[in-house]
Amino acid sequence: MTSVPKRTDHPNEDFTGALPAAAVLIDGAGIPGSESTCRHGVAWYAARLGGGLLGLLASVGDRGLPALLAEAIEQVTDAHRDTCDVADPISPSATVAVLRLSGGLAEYLVLGDSVLVLDRADGTPLVVSDPREVIISRSYEPALAAAARGGDEYQRILRDLRANRNQPGGFWLAKDDPGAADEAITGSCPIAELTGAVLLSNGASRIEDRFGLAGWPEVMAVLASSGPGEIIRRVRQAEARDGVAADDATIAYCTDLGAA
């Protein structure tokens, strides 16, 4: 596992952790001004959600992944609903990726724009992603680009964008509503068909989906030969080259799946 913050003077709002037969990646999300709704912050939310989910995977691993995520969301919401405005549209939220090995199957869950890739021994990698937030966000990009970053109009547009969150016809993230877990992308495949798997926050997956530096088969090959740090190094180079603001970048690379 490798996780690199977008800036050295900024807390890392990603979280990743693993058990012998499961891995979790959380990508915290927030916008300027969220401090007024939650005194804890996005990094706290991501770590609390990820830690809770790992604990549930370890203790009640026989339940479905959406049910475990729903309980983890409820736990973290209960932990700060008395001190923070958890229902405010700009209060902290997160995307989620989970891989669990159980009964000969690799079970997966993706909620939001994190990415999970299963490397299959015979065939191209299976890429699991949830495009809903990306699709909706793109419709707001022209207005955001025209507004002064951080200004009142910029904040208004961001609030309008966030109003699509956890709504029918919108996009779904972990926030204060446990029901969002039922909207996650889920599935499974036989462990015997896999040579490895990787969970990536959207700050790391941009090596493929934003910069096009490598297709997923090459990404998996680089992970196998050089590890996740090399993927993030290439992403940072592309960000610097193209003048793109860096994002927290996190990767959990899983191998020897049959030994779990």
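The rules we used
Residues numbered from 1 in each chain as written. Predicted model: local features only at pLDDT ≥ 70, side-chain atom pairs only at ≥ 80, totals over all residues. Heavy atoms only, no water. Helix = DSSP H or I, 4+ residues; strand = E, 2+ residues; numbered from the N terminus. Rg over C-alpha atoms; globule rule 2.2 N^0.38 Å. Buried < 20%, exposed > 50% of the residue type's maximum accessible area, 1.4 Å probe, protein only. Contact = heavy atoms within 4.5 Å. Salt bridge = Lys/Arg side-chain N within 4 Å of Asp/Glu carboxyl O. Polar contact = N/O pair within 3.5 Å; in protein donor to acceptor, adjacent residues only side chain to side chain. Pairing = 2+ DSSP bridges. Expected span 1.5 Å × (residues − 1). pLDDT = per-residue confidence, 0-100. Axes fitted to C-alpha atoms, helices over the stretch in contact; angles between N-to-C directions.

**What to know about the overall build of the chain**
Here's step 1: Scanning the chain from N- to C-terminus turns up seven helices and ten strands.
Here's step 2: What you see for the chain is a C-alpha radius of gyration of 18 Å, in line with the 18 Å of a compact globule of 260 residues.
Here's step 3: Each of the three principal axes of the chain carries a C-alpha extent, and together these read 55 × 45 × 35 Å.
Here's step 4: Each of the 260 residues in the chain was classed as buried or not, and the buried ones make up 50%.

**A word on helix α5 (residues 202–209)**
Here's step 1: For α5, every residue scored as buried is listed here: G203, A204, S205, R206 and I207.
Here's step 2: Where α5 is buried, its residues meet β6 (115–120), β9 (194–200), α6 (216–226), α7 (228–242) and β10 (249–254).

**Considering the pattern of salt bridges**
Here's step 1: Under the criterion given, the structure shown has 15 salt bridges.
Here's step 2: Measuring nitrogen to oxygen at the nearest pair gives 2.5 Å for the salt bridge that ties R63 to E71.
Here's step 3: A relative accessible area of 31% places R63 in the partly exposed class.
Here's step 4: Taking relative accessible area as the criterion, E71 reaches 26% and is therefore assigned partly exposed.
Here's step 5: Where E153 meets R156, a salt bridge forms, and the shortest distance between an N and an O atom there is 2.7 Å.

**Some details on the environment of S91**
Here's step 1: Along the chain, S91 falls in the loop between α2 (65–80) and β4 (93–102).
Here's step 2: Owing to a relative accessible area of 2%, S91 belongs among the buried residues under this scheme.
Here's step 3: Contacts of S91, omitting those with residues within four sequence positions, involve T37, D85, V86, R165 and K175.
Here's step 4: A polar atom in the side chain of S91 sits 2.9 Å from the backbone oxygen of V86.

**So, the pairing of strand β7 (residues 126–129)**
Here's step 1: Judged from the four bridges that link them, β6 and β7 form a sheet pairing that is antiparallel. Note that in β7 the partner of V115 across the bridge is S129.
Here's step 2: Counted along the chain from β6 to the antiparallel partner β7, the turn is five residues long, and its residue G123 has a positive phi close to 130°.

**Points about α2**
Here's step 1: With 16 residues, α2 ought to run about 22 Å at 1.5 Å a step, and its terminal C-alpha atoms sit 23 Å apart, in line with that.
Here's step 2: L65, L68, L69, A70, A72, I73, V76, T77 and H80 are the residues of α2 that are buried.
Here's step 3: Where α2 is buried, its residues meet α1 (42–59), β4 and β5 (105–111).

**Observations regarding unusual backbone geometry**
Here's step 1: The phi dihedral of N166 is positive, around 55°, even though this residue is not glycine.
Here's step 2: Position of N166 relative to the elements: it lies in the loop between α4 (152–162) and β8 (185–190).
Here's step 3: On the basis of relative accessible area, N166 is assigned to the buried category, the value being 13%.
Here's step 4: Even without a glycine there, the phi angle at D256 is positive, about 50°.
Here's step 5: Here D256 shows up in the segment after β10.
Here's step 6: Residue classification places D256 among the exposed residues on the basis of a relative accessible area of 60%.

**Structural notes on the confidence of the model for the chain**
Here's step 1: Residues at a pLDDT of 70 or more form 97% of the chain, whose mean pLDDT is 92.
Here's step 2: For the chain, per-element mean pLDDT is lowest for α4, which scores 87, and highest for β10, which scores 98.

**A short note on the sheet that holds β7**
Here's step 1: Ordered in space as β1-β10-β9-β6-β7, the five strands form an open sheet in which the pairing is antiparallel. Either end of the sheet is taken by a strand with one partner, and the two such strands are β1 (2–4) and β7. Adjacent strand axes in the sheet meet at a mean angle of 10° when their direction is disregarded.
Here's step 2: Here four bridges tie β9 to β10, and the two strands are oriented antiparallel to one another. Counterpart to A197 in the pairing with β10 is C254.

**Looking at the pairing of β6**
Here's step 1: Taken across its six residues, β6 has five buried, putting it largely inside the fold.
Here's step 2: Strand direction decides the pairing type here: β6 and β9, joined by six bridges, are antiparallel. Among the inter-strand pairings, V117 is bridged to a residue of β9, identified as V198.

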